[in-house]
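A closer look at the structure
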Amino acid sequence: MIVGLIGFGKVSQNLFKLIKSKDMEFITSFEGRSGETIEAIKKSGIEVLDTFEDVASASDILISATSPKSALDVALKYGKYAKGIYLDLNNISPDTTLEIDKHVSNLVDGAIIGKIDSDNPILYLSGKNSDGLLFLNDFITTKKISDNVGDAARLKLLRSAYTKTLSALLIESHQIAKTCNLEDEFFDALTLTEGNDFKEKSLSRINNTLNSSKRKSEELEEIIDYFDNNDLTMVRAALKKLNR
Ligand SMILES: NC(=O)c1ccc[n+]([C@@H]2O[C@H](COP(=O)([O-])OP(=O)(O)OC[C@H]3O[C@@H](n4cnc5c(N)ncnc54)[C@H](OP(=O)(O)O)[C@@H]3O)[C@@H](O)[C@H]2O)c1
C-alpha cells in the first residue's frame, strides 16, 4: 500500500515515524517546499517523487497535512488525482471540510487529538470511507466517530472550545490566587478533585495560552462563528479575556 504525504511538517513526520510496516510505503515531493521541509524529507529517507500530482496519482491513501489556509487549495489541486482515500488532517472548520468534500472523492475527515510529537496521539476519523483507515489503529490509536464528514472537525472545535475557555478561567483564578498570596494553596485545593498533575498541567496550559494568545483568540473567533446558533456565553467571555 502506498501512502502519499502532502506536507512534511510535524504531523507527517510523526505519522511516518509511527506507522512502520513492510506493507506500507510512504512517498512525498520536494515540489515548492522550503529548505526546512526539504531537509526534513532528506533526513527521513522517505521516497521522493517529482511532483505532488505524481504523489497523488500513485497513492492508495493521500494525506494532506499542510496548513489550515492551504487545505482547500491543496484538495482542489491534487484531490482529483487521488484514486483511493483522501485523508485531510488540517485544523480546518467543518465548513471547509464540507467544501473539500464537494471536490474530492473518498474524503475522510481526520483530527489528531493530543500532542502531535508524542507517541500516543489519537486519530479521530469521520466519513463513510473511514473504515478503510481503521487498520491504522495497529500503529496509532484510531477511532471512527461517524459516517459524517465534518464530525471530526466539529469534535476538534468542541474540544478546543472547552480547553481554551477553561484556560481563560484558569488564568483569571490563578491571578487572583497570586494576588491573595494563596497560589500554592489554590493548586493544592484543586489537586484534591482534579488529579495529581493538576498544578503542572495548569501552569503549562496558562503559559501556552499567554504565549500564543493571538492565535488562541483567532481560534475562539472561529468557534463562535461556527457554533453561532448556540449559547456561547462562556466562550465569548473567554475571548474577551484573551483579547485583553
Ligand atoms: N501540530 C499539531 O499538533 C497538529 C495537530 C493536529 C492537526 N494539525 C494540522 O495539521 C497540519 C500540519 O500541521 P504541522 O504541525 O505538521 O505543520 P508544519 O509543521 O508547519 O508543517 C506544514 C508542512 O506542510 C507543508 N506545506 C504547506 N503548504 C503546502 C502546500 N501548499 N503544498 C505542499 N506542502 C505544503 C510545509 O512545507 P513548507 O515548509 O515548504 O511550507 C510543511 O512541510 C496543519 O493544518 C495543522 O493545523 C497540527
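Structure's up top.
This report concerns the structure included in the present document. For clarity, every value in this text was computed on a predicted model and none was experimentally measured.

**Overview of the pairing of strand S6 (residues 107-113)**
- Across the 7 residues of S6, 6 count as buried, placing the element largely inside the fold.
- As paired elements, strand S5 (residues 85-88) and S6 share 3 bridges and run parallel to each other. Bridging across to S6, Leu87 finds its partner in Val108.
- Running through helix H5 (residues 94-103), the crossover from S5 to the neighbouring parallel element S6 is right-handed.
- Where S6 and strand S7 (residues 122-126) come together, 5 bridges link them in antiparallel fashion. Bridging from a neighbouring strand, Gly110 pairs with Leu125 of S7.

**Regarding helix H7 (residues 183-194)**
- With 12 residues, H7 should reach 16 Å at 1.5 Å per residue; the first-to-last C-alpha distance of 16 Å fits that figure.
- Just downstream of H7, Gly195 is the residue with a positive phi angle, here 110°.

**Structural notes on the nonpolar core**
- Ranked by size, the top nonpolar core spans 49 residues in total, and within it Ile6, Leu62, Ile63, Tyr86 and Leu87 carry the most contacts.
- Among the elements that make up this core, the one with the highest residue count is helix H6 (residues 151-179) (6 residues).
- Two domains each donate at least three residues to this core, and these are domain 1 (2-146) and domain 2 (154-243).
- With sequence-adjacent residues up to four places away left out, Leu87 is seen in contact with Ile61, Ile63, Val108, Gly110 and Leu133.

**Points about the site of the ligand**
- By nearness alone, 22 residues border the ligand, and Gly7, Gly9, Asn90, Asn91 and Ile116 come closest of all.
- Counting only elements with at least two residues in the shell around the ligand, the list comes to helix H1 (10-18) and helix H2 (35-44).
- Classifying every residue of the shell around the ligand gives 9 nonpolar, 10 polar and 3 charged.

**Considering the pairing of strand S4 (residues 61-64)**
- Of the two faces of S4, the one carrying Ile61 and Ile63 and the one carrying Leu62 and Ser64 are both buried.
- Pairing geometry for strand S1 (residues 2-6) and S4, over 4 bridges, is parallel. The partner of Val3 across the bridge, within S4, is Ile61.
- Where S4 and S5 come together, 4 bridges link them in parallel fashion. Its bridge partner being in S5, Ile61 is matched across the sheet by Ile85.

**Let's talk about the sheet that holds strand S8 (residues 142-146)**
- The 8 strands lie next to each other as S3-S2-S1-S4-S5-S6-S7-S8, forming an open sheet whose pairing is mixed. Since the sheet does not close on itself, it has two edges, and those belong to strand S3 (47-49) and S8, each with one partner. The average angle at which neighbouring strand axes cross in this sheet is 30°, direction not considered.

Definitions and cut-offs
Residues numbered from 1 in each chain as written. Predicted model: local features only at pLDDT ≥ 70, side-chain atom pairs only at ≥ 80, totals over all residues. Buried ≥ 20, exposed ≤ 12 C-beta atoms within 10 Å, placed from the backbone. Helix = DSSP H or I, 4+ residues; strand = E, 2+ residues; numbered from the N terminus. Pairing = 2+ DSSP bridges. Right-handed = clockwise from strand over helix to strand, strands pointing away. Expected span 1.5 Å × (residues − 1). Core = buried A, V, L, I, M, F, W, Y, C linked by C-beta atoms within 7 Å. Domains from an automatic or database assignment. Contact = placed C-beta atoms within 7 Å. Near = placed C-beta within 6 Å. Nonpolar A, V, L, I, M, F, W, Y, C, P; charged D, E, K, R; others polar. Axes fitted to C-alpha atoms, helices over the stretch in contact; angles between N-to-C directions.

Limitation: the analysis is restricted to geometry and does not speak to function.
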